[in-house]
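# Understanding the architecture of this molecule
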Amino acid sequence: MSREINTNYLVIALPSGKLFKPSIRLFEKVGIDLKGGKEINRKLAFFDQEEEVKFVITRPKDNPTYIECGVADIGIVGEDVLLEEKKDVYKLLDLKFGKCKMVVAAPKEREQKKYYKNNGHRLKIATKYPRIAADYFKKKGIYVELIKLYGSVELAPQVGLADMIVDIVSTGRTLEENKLEIINEIIPLSAQLIVNRISYKTKHKRITRLLQDIKKFISLESDKIAEW
Amino acid sequence: MNIPEGLNDLFPEEVLKRRLLENKISQVFKEWGYQEIITPTFEFYDMLARGAGSIMKKEMIKFFDREGNIIALRPEMTTPLARVTSTKMQQEPKPLRFYYMGNVFRYDDFKVGGQREFCQAGVELIGVNSKKADAEVIALAVECLKNSGLKNFFIDIGHINFFNGIMQSIKAEEKRKLEIKEAILNKDFVLLEKILSFSDIKDKEKELILKMPTLRGREEVLEEAENIIFNKLSLSALKEIKKVYNLLRDYGLEEYVLIDLGIIRDFDYYTGIIFEGYTDYLGFPICGGGRYDKLCSKFGENLPSTGFAAGLERLIMALERENINSLDLKKPDQYLVCYQNNKDNFRKALKSAKNLRKKGLIVELEVGKREFAEVLNYARSKGIKYIVIVVDNQPNKIKRIEVTSGKEEMITYE
């Protein structure tokens, strides 16, 4: 259980996956040299000596866990992960990239699609996000059966596993390819910057400075960032 | 052959560390005049719920007894102690000083590690409402962490009414206020900023609310806050913090204490000064506490009180990250006594074991019929330092073999 402790370093956890590249771009824009992420890609930890920043790469869903435990000070994570797994971390900044939305989608040929009715039997919803889906339908007062899947959710209605799905949509192409259409938007999502509850106190000068740089950059270039 | 999720079996090495830490901490508590008290592991849910907020009520582990009453495992120790002192000690002279060391239980599933049973050590100073009482409990928390061997830590002190005052003074609908409060409790500052931007709140106050978690430091923090805050409740909270801070200076503890206006504790029973302990080695607090003046009245007695609890598992984690050897025990040498099998030798073995134990050494006696090679292997893997062999024809002497080197010598055992 030993770990390298250097309180001088600011440890930033980057998520692998589709938020990885825009995250690297963001830090380079505020003056932390990551060499385009080429080196970082091969190793799991990477130092920028000059800025005294250490980067670690995590699986996207694990990112908040690293922050909650305090092995990293700052993390970047998709809002979907935070909504699905409540973690005790500060959510400090909407980074405005990685934009997508959580939606309910159903097969195009489905009749009465707006009414969530299914000839008397209970509606089945396939999703990777059972908590978000459960909260949503509970609020609407609709009684559903949730089927937790780990991927390829859009397949479920085609093979009769579920009537509808709750999933993330960014371009909508996957839905189109699977003859699904959005019938309700649950919540818009984007990448979020999170901070450990104690680091935000103990390293708050550095974190605040970094946050201000990022905020400034985002407000200047918000249109461009949305395309990242 | 499993145990339920979130529970642990502690192995001997872990138990040694735990007990060592428990001793170090309880020694400090005793020196400060606190007496140990033990309450039941489970109680009526209704009693425990009197000290619990809505989250804690959900996190309690509950079941039914034979009469159909709802029983819960205690999720913390302050409420049971408030019950005991309010219902069974009305006649005792106040203040009461109690300490406890025991396991508490929660469905803490979203927290790190998802542990459902953990050990808390803490104190309650019951029946007095004074800044000196607040300062004593905080000073004791510092002393307890220091004595545990931890070097790098801070106790942050704040006040529940700093935040309450701001919330009261804000001119907004109750519904909006609740949203603001919830966003702060959830640490969701993205949402908070959004809500505040829609609200009719002065810019200075908005800025203050958003800055709250970072309002931490020495006295200058109080001055900074005094310049922005105008409501009475928050200002009197700042005054109280200042008084307690100055008392802690008298204790000579200023290097360990910081003022932190951003502390919001999870429990609903706090009414005054609150505090939390942090180290650089953990991403969550190691201890926390504060003043709770209304809890005992829920059990029928008006007893203003203050106290704190430290999580022993967390403290062990912090200690080992700071210095891996900080909880290593200096154990006495371990002996294994063997003998050639006859009644005479057995008696001799018993006698020599007794004598070695008297010297403070740890002695186990061979109870099987193992060959020497097997015994040697066993001793090696168990970290036994010496094997002693009782031999015939040597009246007062035994053969002592050092396990690592194989060095033999004859020693007298009388």
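Residues numbered from 1 in each chain as written. Chains lettered and ligands numbered in written order. Predicted model: local features only at pLDDT ≥ 70, side-chain atom pairs only at ≥ 80, totals over all residues.

The secondary structure content of chain A amounts to nine helices and 11 strands. When each of the 228 residues of chain A is scored for burial, the buried share is 39%. Considering only intrachain contacts with a sequence separation of at least 6, the fraction spanning at least 24 residues in chain A is 67%. (Helix = DSSP H or I, 4+ residues; strand = E, 2+ residues; numbered from the N terminus. Buried ≥ 20, exposed ≤ 12 C-beta atoms within 10 Å, placed from the backbone. Contact = placed C-beta atoms within 7 Å.)

What follows concerns the overall build of chain B. Helices and strands together make up the secondary structure of chain B, namely 14 helices and 17 strands. Over its C-alpha atoms chain B spans a radius of gyration of 28 Å, topping by over 25% the 22 Å that the globule rule assigns to 414 residues. With respect to the principal axes defined by its C-alpha atoms, chain B has extents near 95 × 55 × 45 Å. Expressed as a percentage of the 414 residues in chain B, the buried residues total 39%. Considering only intrachain contacts with a sequence separation of at least 6, the fraction spanning at least 24 residues in chain B is 66%. (Rg over C-alpha atoms; globule rule 2.2 N^0.38 Å.)

Residues and elements named next belong to chain B. Spatially, 14-13-15-16-17 is the arrangement adopted by the five strands of the open sheet, whose pairing is mixed. The open sheet is flanked by strand 14 (362–365) and strand 17 (408–412), the only strands paired with a single partner. With strand direction ignored, the average angle separating the axes of adjacent strands in the sheet is 30°. Note: strand 16 (residues 397–402) against strand 17, five bridges, orientation antiparallel. Its bridge partner lying in strand 17, Ile398 is registered against Ile411. Along the sheet face, helix 13 (residues 343–358) touches strand 13 (334–339), strand 14, strand 15 (386–390) and strand 16 and points at about 165° away from the line of strand 13. (Pairing = 2+ DSSP bridges. Axes fitted to C-alpha atoms, helices over the stretch in contact; angles between N-to-C directions.)

In this section: the sheet that holds strand 7 (residues 153–159) of chain B. Residue and element names in this part refer to chain B. Spatially, nine strands are ordered 1-5-6-12-11-10-7-9-8 in an open sheet, and the strand pairing comes out mixed. Looking at the sheet topology across the chains shown, the edges are occupied by strand 1 (35–36) and strand 8 (216–217). Looking at chain direction, strand 10 (residues 273–279) and strand 11 (residues 287–292) are connected through four bridges and run antiparallel. Residue pairing for strand 11: Ile274 is matched across the bridge by Gly290. On top of the sheet, helix 5 (residues 131–148) reaches strand 6 (117–126), strand 7, strand 10, strand 11 and strand 12 (305–311); it is set at about 15° to strand 12, its chief contact.

With that settled, consider helix 6 (residues 160–169) of chain B. Along helix 6 of chain B, the residues classified as buried are B:Ile160, B:Asn161, B:Phe162, B:Phe163, B:Gly165 and B:Ile166. Buried-residue contacts for helix 6 of chain B involve strand 7, helix 9 (203–211), helix 11 (232–250) and strand 10 of chain B.

Our next topic: the interface of chain A and chain B. Each partner contributes residues to the interface: chain A has 26 residues there, and chain B has 20 residues. Broken down by secondary-structure element, the contributors of at least two residues to the side of chain A that touches chain B are helix 3 (63–69), strand 5 (90–94), helix 8 (199–202) and helix 9 (204–227) of chain A. Ranked by residues supplied to the side of chain A that touches chain B, first place goes to strand 5 of chain A with five residues. Of the residues in the side of chain A that touches chain B, the class split is nine nonpolar, eight polar and nine charged. (Nonpolar A, V, L, I, M, F, W, Y, C, P; charged D, E, K, R; others polar.)

Looking at chain B, the domain boundaries give domain 1 (12–322) and domain 2 (334–412). For domain 1 of chain B versus domain 2 of chain B, the distance between C-alpha centres works out to 53 Å. (Domains from an automatic or database assignment.)

Moving on: the packing of helix 6 of chain B against helix 11 of chain B. Residues and elements named next belong to chain B. At a minimum axis distance of 7 Å, the contact between helix 6 and helix 11 shows a crossing angle of 165°. Classed by the angle they form, the pair helix 6 and helix 11 counts as roughly antiparallel. The way helix 6 lies across helix 11 gives a crossing that is left-handed. On helix 11, the residues that touch Asn161, Phe162, Asn164, Gly165, Ile166 and Gln168 of helix 6 are Leu233, Ser234, Ala237 and Leu238. (Parallel < 35°, antiparallel > 145°, perpendicular 65-115°, else oblique. Left-handed = near helix turned anticlockwise from the far one by under 90°.)

So, about the domain arrangement of chain A. All names here are of chain A. Examined at the domain level, chain A breaks down into domain 1 (10–98 + 190–227) and domain 2 (100–188). Listed per partner, the contact involves four residues of domain 1 and six residues of domain 2. Class assignment for the residues of the side of domain 1 that touches domain 2 results in one nonpolar, one polar and two charged.

Along the chain, B:Leu178 falls in helix 7 (residues 174–185). Spatially, the C-alpha atom of B:Leu178 lies 23 Å from that of B:Ile273, the residues being 95 residues apart in sequence.

Residues and elements named next belong to chain B. The buried fraction of strand 7 is high, at seven of seven residues. Neither face of strand 7 is open: one carries Phe153, Ile155, Ile157 and His159, the other Phe154, Asp156 and Gly158, and all of them are buried. Direction of pairing for strand 7 relative to strand 9 (residues 257–260): parallel, over a ladder of three bridges. Bridging from a neighbouring strand, Asp156 pairs with Leu258 of strand 9.

The next thing to look at is the nonpolar core. Grouped burial of nonpolar side chains is what soluble globular proteins tend to show. Core analysis: the biggest nonpolar cluster contains 128 residues, and A:Ile12, A:Val195, B:Val123, B:Ile138, B:Ala141 and B:Ile157 have the highest contact counts within it. With 10 residues, the single largest contributor to this core is helix 5 of chain B. If near-sequence neighbours (up to four positions away) are discounted, A:Ile12 is found in contact with A:Val53, A:Phe55, A:Ala72, A:Asp73 and A:Ile74. (Core = buried A, V, L, I, M, F, W, Y, C linked by C-beta atoms within 7 Å.)

Here the focus is helix 4 (residues 78–88) of chain B. Taken across its 11 residues, helix 4 of chain B has eight buried, putting it largely inside the fold. At its buried positions, helix 4 of chain B is contacted by strand 2 (42–44), helix 2 (45–49), strand 5 (96–105), strand 6, strand 11 and strand 12 of chain B.

Leave glycine aside and you will find that most residues have negative phi; peptide bonds, for their part, are mostly trans. The omega torsion across B:Lys94 and B:Pro95 is 0°, close enough to zero to call that bond cis. Of note, A:Lys96 is a non-glycine position whose phi angle comes to about 70°, a positive value. On the secondary structure map, A:Lys96 appears in the loop between strand 5 and strand 6 (100–107). Non-glycine residue A:Ser152 carries a positive phi angle of around 45°. The topology assignment puts A:Ser152 in the loop between strand 8 (144–148) and helix 6 (155–159).

Another aspect to go through is the pairing of strand 9 of chain B. Residue and element names in this part refer to chain B. Along strand 9, one buried face is formed by Val257 and Ile259 and the opposite face, lined by Leu258 and Asp260, is buried too. As paired strands, strand 8 and strand 9 are joined by two bridges and run antiparallel to one another. Bridged to Arg216 within strand 9 is Asp260.

Our next topic: the confidence of the model for chain A. Of the residues in chain A, 85% reach a pLDDT of 70 or more, and the chain-wide mean stands at 85. When pLDDT is averaged over each helix and strand of chain A, the minimum, 59, is found for helix 2 (residues 38–42) of chain A and the maximum, 96, for strand 11 (residues 191–195) of chain A. (pLDDT = per-residue confidence, 0-100.)

Moving on, we get to the environment of A:Ser199. Residues and elements named next belong to chain A. Relative to the assigned elements, Ser199 resides in helix 8. With 24 C-beta atoms packed within 10 Å, Ser199 lands in the buried category. Remark: the alpha-carbon pair of Ser199 and Glu85, spanning 114 residues in sequence, is separated by 21 Å.

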